Amino acid sequence: MASRGTMGTFGGVFTPSILTILGLILFLRLALVVGQVGLGQALIIIVLANLISIFTSISLAAVATNLKVKGGGVYYIISRTLGLPFGGAIGLVLFLAQAISVGFYCVGFAESASGLLNMESGFGPQAIAAAAVLLTTGLAWIGADWATRIQYVVMVLIFAALASFALGAAGHWSSAQLWSNLGPSDGWGQFWVAFAIFFPAVTGFTQGVNMSGDLANPGKSIPRGTAYAVGLSFVIYILAAILCAAALPRGVLLNDSGAMKLASQWAPLIDFGIVAATLSSALASLLGAPRILQSLAKDRVFSVLQPFARGSGASGNPRLGVLLTGVIALAIVAIGNLNLIAAIVSMFFIVTYALLNYATYFEARGRSPSFRPNLPWYDPRISLAGAMGSIAVILAIDVTSGLAAVGVVFGIFQYLKRNSSAHRWADGQRSYHLQIVRENLMAAEARAEHPRDWRPQLLAFSADKESRGRLLQLANWIEGHSGLTTVVQILEGKSRHTRRLQEEAEDSMREEIRAAGTRAFPLVIASRDADQTVQTAIQAVGIGPTRINSLLVNWPSRKTSQENFPLRGKFAYNLHFAYSMGYNVLIFDSSEAKWAAAQGIPPEKRTIDVWWRDNQTGRLMLVLAYLLRRGEFWQSATIRVIAVAGESAGPKRQAQINAILAEVRIPAVVQIVPPTEDKIDQIVAVSSNASIVLEALAFRDRWFSDWLRNDLSELLPRLPMTLLVMAAEEFDLSADPDNGVESERAAAQDAVDDATRRHDAAVEALEDARKDLEKRMAGAADGTVGTEMLERLTQSITELEARLSAEAANLAAAFEIAELVGVTLKKPDESSAKP
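Residue indices follow the written sequence of each chain, beginning from 1 at its first position. With the structure being a predicted model, the display of local features is reserved for residues of pLDDT at least 70 and the display and counting of side-chain atom pairs for 80 or more, all residues being used for whole-chain, interface and lining totals. The side-chain numbers reported here are obtained from all heavy atoms of the structure, hydrogens and water having been left aside.

Here we take up the overall build of the protein chain. Secondary structure elements are taken from DSSP: a helix is a run of H or I of four residues or more, a strand is a run of E of two residues or more, and numbering for both begins at the N terminus. Along the protein chain, the regular secondary structure elements total 28 helices and eleven strands. By the burial criterion, 50% of the 835 residues in the protein chain qualify as buried. Across the protein chain, contacts joining residues at least 24 apart in sequence account for 82% of those joining residues at least 6 apart. For the protein chain, the exposed area adds up to about 39000 Å²; of that, 57% sits on carbon and sulfur atoms. Exposure is judged per residue with a 1.4 Å probe applied to protein chains only, and the accessible area is read against the type maximum: over 50% gives exposed, under 20% gives buried, and values in between give partly exposed. Contacts are residue-level and defined by heavy atoms, with any inter-residue pair within 4.5 Å sufficient. For the accessible areas, the method is Shrake-Rupley and the probe is 1.4 Å, while residue cover comes only from the protein chains on display.

Here it is as structure tokens:
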């Protein structure tokens, strides 16, 4: 059992986070940013950069209050949400980024220390940097508790430096100076340059998250400690920027990296603050990086990392990881020129934030009932905004470095996706996929079915383990990467252990499906009446648009007692029932010898023989042959459409079939064979060398024959593997998208709209005519309007009333047709239709 951490919110999360955020950028670059773009733009930069931190910290809080976050911090969160490949890629690059950061911070410490000691350039700064690496490595080796105690001293120095600056700047406050530094020195052209300079200041807020394995209560400490660190640092940066603008002239801000010292109450405290900030940032990274590595090793993401899983002491301090981090930091110190690496490392952090936000959005988007963060006000759009903001930052700062960082992460992701073992834990992907399935099913159900939407939804029955594998492979072929298969086994009888037997049978089928490299959904049904269960399953399996449309079974072998339809008569009865209910029937005949023979044919010599019938079954066979060729096994095969016709009718018949093939866009070769008395011999002679034969099926005397009424028990043993097909659906292989239920509904709606407009126009015209008549009649009393005029108006009203009656009838008819095709409309006001 993993040891429980002992650190709290303040020491475990807030302290390492705030000390990493309040680093070199605050003391050496903030004044430059204010001088370059002015206080107004500097405040915008601080707000925009911190928005990424705020959004990401909210995402962190949402996940941390929903998961029991263990060791590994951000790596643990991403891996348990997006899965092992994403988590492993981010975990590895985050470890490397933090290990390299140790070297950067120690170089910054050395530069500040050498300045205080008036040390000339040479190997002196590098020696100090190396000594700093060794010092921080030693502290991390002792353990997080001791290192955190050192950080408390560092925190005192940093806040003392900030207090010294605040007091000094307040004493030099000038409103005129503030106003003159409000605008940019050179327009908006330097905004993104200044943003790139400042942004690394906000990349340290996840340092505390990486200590998750050392926390007593990660779910409580991570969100609180991160929020406090981000909130306090945001206020400090805002106030520091305002004080810089009010206390220092533009020239000093632009040209003196030690500008804050000039405004400080006691300048040496700023130097101590810089030294303390760099050293604390290095120590925070040295505490976080080995713990990410340890978590990667424990999860066996990379086998080469296994030795780093070990921990020392009650807290499981990853000392071997500490040593590796120290070695990497020393190598960075030795390199010297690190500009390109620095840019890529910064991008690693930003990519991590983008994925952390996306992981939280991904988890929330799955809408799983298990996603219950202790943040009632949380909205997934916050995490999505954080992810998009991180991507925008990458594009704004440095596209080249960003692409390099993304390329590294993507490369590791692809490696893990191809080489990692089976799933090691439950992540959020299944919930997300289930949610997408739900939404897509509901969207598909809202649209009317159209022949263009047809795809094979198969229900395969098989209790014979020996032949089930071949049946599943056929189902996989004829799905054509577009359908779904559910394979059913019925457990018949009474047993006290029915549930256990059902689970065992389903697990066994699932293993068979996996071993065969096929895809299907296993379903084991316990029943006391197999025949009744078969009929119920045929009608019930599937949901909404994914309900089955075709039944697939093996041709009954001599081992009839092992089949789901144990008796010959029941086999035929159940299939006939499925056909009568509108389900296509597919029966597959393939012994081991036939299967092996088909496998032995070279890919380019394989043929799919379709014995043509110009009806729905023939069209279904064409579709199945086409779907077969979508798979790798059949993609080089030739489809032969074989039709029987006399010598005189042969050319015409071939032309007709070629025209059908051209219309439905299925490449095939047409072969016309003459009619003979012995039809079985003819079929065998033509198709005995085929790889698979598709033959139309028919019912005959409560049993089956082919469409030529041949006895299948005599025909099938002489053919290669054969698929018998009987279509119960209408198949329109060249369906026009402008036809169908939705087109009919649209036309009916248009007709109602047109009839409504004409009806309303007739009502309006009639009302206008009546008003005109009333007006004229008032004038008739004094003789200004003649009788002839009134008669014409009366006649016009009579004609308009007749027109209105006709339009009302047309509107009623349009409504009736619309209702017949399923359009829901509000009934017109019948009173308006009356003359």
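In this section: a nonpolar patch on the surface. A residue counts toward a patch only above 30% relative accessible area and without a salt bridge, and it is joined to like-charged neighbours within 9 Å or, for Val, Leu, Ile, Met, Phe, Trp and Tyr, to nonpolar neighbours within 5 Å. One side-chain nitrogen of Lys or Arg within 4 Å of one carboxyl oxygen of Asp or Glu is enough to make a salt bridge. A surface patch of nonpolar side chains, amounting to about 570 Å² of accessible area, comprises L116, L117, V153, L157, W266 and F272. Topologically, L157 is positioned in helix α6 (residues 144-171). A relative accessible area of 33% places L157 in the partly exposed class.

Moving on, we get to the environment of A698. Among the secondary structure elements, A698 is positioned in strand β9 (residues 692-700). Classification of A698 by relative accessible area gives partly exposed; the value is 22%. Here the alpha-carbon distance between A698 and L708, two residues ten residues apart in the chain, equals 8.6 Å. What A698 contacts, discounting residues up to four positions off in sequence, is W703, F704, S705, D706 and M726.

Take helix α25 (residues 679-687) next. Of all the residues in α25, the buried ones are I680, Q682, I683, V684, V686 and S687. On its buried face, α25 sits against β6 (607-611), β7 (638-644), β8 (669-673), β9, β10 (703-706) and α26 (712-715). Between N or O atoms, a polar contact is any pair within 3.5 Å; within protein, one atom must be a potential hydrogen donor and the other a potential acceptor, and residues adjacent in sequence are included only when both atoms are from side chains. Put simply, D678 is the residue that caps the front of α25, since its side-chain oxygen is 3.4 Å from the backbone nitrogen of I680.

Counted by the stated rule, this structure contains 15 salt bridges. With its nearest N and O atoms 3.4 Å apart, the salt bridge here joins R510 to E506. One end of the pair, R510, and the other, E506, are both in helix α19 (residues 498-516), four residues apart, so they sit about a helical turn from each other. For R510, a relative accessible area of 32% gives the class partly exposed. Note on E506: relative accessible area 22%, which makes it partly exposed. A salt bridge links E511 to R514; the shortest N-O distance between them is 2.7 Å. Placement of both E511 and R514 in helix α19 is noted, with a separation of three residues, approximately one turn of the helix. Residue E511 is classed as partly exposed on the basis of its relative accessible area of 43%.

Time to look at the environment of I292. Examined against the element boundaries, I292 turns out to sit in helix α12 (residues 268-298). Among the residues examined, I292 registers a relative accessible area of 0% and is labelled buried. As a C-alpha pair, I292 and Y76 span 216 residues in sequence and 8.3 Å in three-dimensional space.

Next up on the list: the packing of aromatic side chains. Stacked, edge-to-face and tilted are the three classes for Phe, Tyr and Trp ring pairs, Trp counted by its six-membered ring, which pair at centre distances within 6.5 Å; planes under 30 degrees apart are stacked, over 60 edge-to-face, the rest tilted. Applying the stated rule across the entire model yields 17 aromatic pairs. Measuring from ring centre to ring centre gives 5.9 Å for Y358 and F362, while their planes differ by 50 degrees; the resulting arrangement is tilted. Taken together, the residues Y358 and F362, both in helix α14 (residues 339-365) and four residues apart, mark about one turn of the helix. For Y358, a relative accessible area of 31% translates into the label partly exposed. A ring has a charge above it when a Lys NZ or an Arg CZ is no more than 6 Å from the ring centre and no more than 35 degrees off the ring normal. Looking at R606, its charged tip hangs above the ring of F633, at a distance of 3.7 Å from the centre.

The biggest cluster of nonpolar side chains holds 110 residues, and the ones touching the most others in it are L26, F27, I158, F165, F198 and Y237. Among residues more than four places away in sequence, those in contact with F165 are A240, L243, C244, M260, A263, S264 and I270. Definition of nonpolar core: a set of buried residues of the types Ala, Val, Leu, Ile, Met, Phe, Trp, Tyr and Cys, connected through side-chain atoms within 4.5 Å.

Moving on: the pairing of strand β4 (residues 550-554). Of all five residues in β4, five are buried, a share of seventy percent or more. Side chains of β4 alternate between two faces, with S550, L552 and N554 and L551 and V553 buried alike. A pair of strands is labelled paired if DSSP reports no fewer than 2 bridges between them. Strand direction decides the pairing type here: strand β1 (residues 457-461) and β4, joined by four bridges, are parallel. Pairing of A460 across the sheet is with L552, part of β4. Looking at chain direction, β4 and strand β5 (residues 584-589) are connected through five bridges and run parallel. Following the sheet pairing, S550 is matched in β5 by N584.

Throughout, an axis means a line fitted to C-alpha atoms (over the contacting stretch in the case of helices), and angles, computed between N-to-C directions, take values from 0 to 180 degrees. It is at 8 Å that the axes of α12 and helix α13 (residues 319-335) come closest, and there the two elements cross at 120 degrees. When the axes of α12 and α13 are compared, the pair comes out oblique. α12 and α13 meet at a crossing whose hand is right-handed. Residues L286, A289, P290 and L293 of α12 lie in contact with α13, whose contacting residues are G321, V322, L324, T325 and G326. Side-chain classes are defined by residue name, with Ala, Val, Leu, Ile, Met, Phe, Trp, Tyr, Cys and Pro counting as nonpolar, Asp, Glu, Lys and Arg as charged, and the others, Gly among them, as polar. When grouped by side-chain class, the residues that make up the contact of α12 with α13 number six nonpolar, three polar and no charged. Angles are sorted into four bins: roughly parallel if under 35 degrees, roughly antiparallel if over 145, roughly perpendicular if 65 to 115, and oblique for all others. Handedness of a crossing is defined here by the sense of rotation of the near helix relative to the far one, left-handed for an anticlockwise turn of less than a right angle and right-handed for a clockwise turn.

So, about the confidence of the model for the protein chain. Here pLDDT means the predictor's own confidence in every residue, given as a number from 0 to 100. The pLDDT averaged across the protein chain works out to 82; a share of 89% of its residues lies at or above 70. Long-range and interchain partners of residues 559-567, a stretch whose pLDDT sits below 50, account for 19 contacts in this model, where long-range means more than four residues apart. pLDDT under 50 marks residues 830-835. Its contacts with residues more than four places away, or in other chains, come to twelve contacts.

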